[in-house]
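# Inside the fold
Chain by chain, the residues run as shown.
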Amino acid sequence: MAKEPISKISLSRDEVSALVAQFGFPLPLAETAVLFGGYSGTSIKVVSETGERAVLKVCHGYSAEDAEAQAAIAVHARAHGFAHACTALPVAGGGARHTVALPGVDATPAMLLSWVEGVSADKVVAAGAVSPAAVLRSLGAGLAGLHSVPVDAAAARALRPLERGGACDVAKHLSGEIHRTLAASPHARDHAFFPFYERQLGLLRAAMATEGLPRGLLHGDPFLDNALVSAADGSLAGWVDLEDVAVGPTLFDVACCACAACFRADNALDLRRLRALLSGYVSVRPLAAAERSAFVSFMKATMLCNCAWRFKNFNLDHREIEACRDAHVELQQRILALEDDFTLAAI
């Protein structure tokens, strides 16, 4: 399911200029353009008359603290040599601050992100000029590079852990917040999805409690439309969309990417794509024994996070979008398919 090309806010050229000026971005602007996106942000491409480019990201529904937590992880990754991602630019004269507030009573935070030149990986795969395997190998290596960024004890204390946010809101599943929300809604508790969710929630919690899993920086939502690649050869240009970055079990990212990118149009798992993703990954960083053992469990867990998001978003929060009411079914079917004795040894 592709992201809807929507925007939650409309800003004039003057308003955009006033915001980016706070980051020291050169004015006047030659171009502003709203980029495609989802429900958690409005992304606006900005181009100066001298050719500099960046993305103004308006962070809907996030506090300034949330947005700063996202920025801190991106900055940490870039500072430690990981170049395959956009990063947050500092506020001019703002010390360690990377966000500004939109004018208005809700003070929605906005950040300025470095520009990444590339094409959305889902579009490159759909176009067919580059093999899906080439794209998946590149994405696997890119995730492994991110996961190889050192996170020492000081960084682990300073950066947002998965248990406090990010990573497809898995913390809200672990705490029971999503379950309580679904149970309180007549649109959910009487729906066939609810008993399915309850059964899978126990498995998610068991997977996340797996001992011995390496931890590191996570993109948190490595779907194809959150990666930009070269249209010529599928090589990774960079990961974008920072909302779900966190520190946590690195297996979360690998499993999430497998769920998002390794199923065919008929919703069957494509082992060739999965092999390509994992071969790219282990060319940079080997999977630990605990990660191999828990891989399928994490695939189901990460899919449940995204499946529940779709259900909640279109059956509770945005019921007016009737065409998407069953958007969760695609991922629900994938979870059920993985219960048929599939193991990582199968590839």
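Along each chain, residues carry numbers from 1 onward, in the same order as the chain's sequence is written. Local features are withheld for residues below a pLDDT of 70 in this predicted model, meaning they are given only at 70 or higher, and side-chain atom pairs are given and counted only at 80 or more; totals for whole chains, interfaces and linings count all residues. The side-chain values count all of the structure's non-hydrogen atoms but skip hydrogen atoms and water molecules.

### A short note on unusual backbone geometry
At the junction of L27 and P28, the peptide bond is cis and its omega measures out at 0° in the coordinates. Structurally, the position occupied by P28 is in the loop between α1 (13-21) and β1 (29-34). With phi around 55°, C168 is a residue other than glycine that occupies positive phi space. Whether a residue is buried, partly exposed or exposed follows from its accessible area with a 1.4 Å probe, protein chains only, as a fraction of its type maximum: under 20%, in between, or over 50%, in that order. For C168, a relative accessible area of 9% translates into the label buried. Here a strand is any run of E in DSSP of at least two residues, a helix any run of H or I of at least four, and the numbering for each starts at the N terminus.

### A word on the sheet that holds strand β6 (residues 119-120)
Reading across from one edge, β6-β8-β9 is the order of the 3 strands in this open sheet, with antiparallel pairing throughout. The open sheet has two free edges, formed respectively by β6 and β9 (236-239), since each of these has just one partner strand. Only strands joined by at least two bridges in the DSSP assignment are considered to pair. Note that strand β8 (residues 227-229) and β9 share 3 bridges and pair antiparallel. By the bridge assignment for β9, A227 is matched with W239.

### Some points on the nonpolar core
Think of a nonpolar core as a cluster: buried Ala, Val, Leu, Ile, Met, Phe, Trp, Tyr and Cys residues, connected wherever their side-chain atoms sit within 4.5 Å. Judged by nonpolar contacts, the single largest core of 92 residues is most densely connected at L182, F252, F298 and M299. Per element, the largest residue contribution to this core is 13 residues, and it comes from helix α12 (residues 289-317). The next biggest cluster of nonpolar side chains, apart from the first, holds 16 residues, and it includes V16, V20, L29 and A110.

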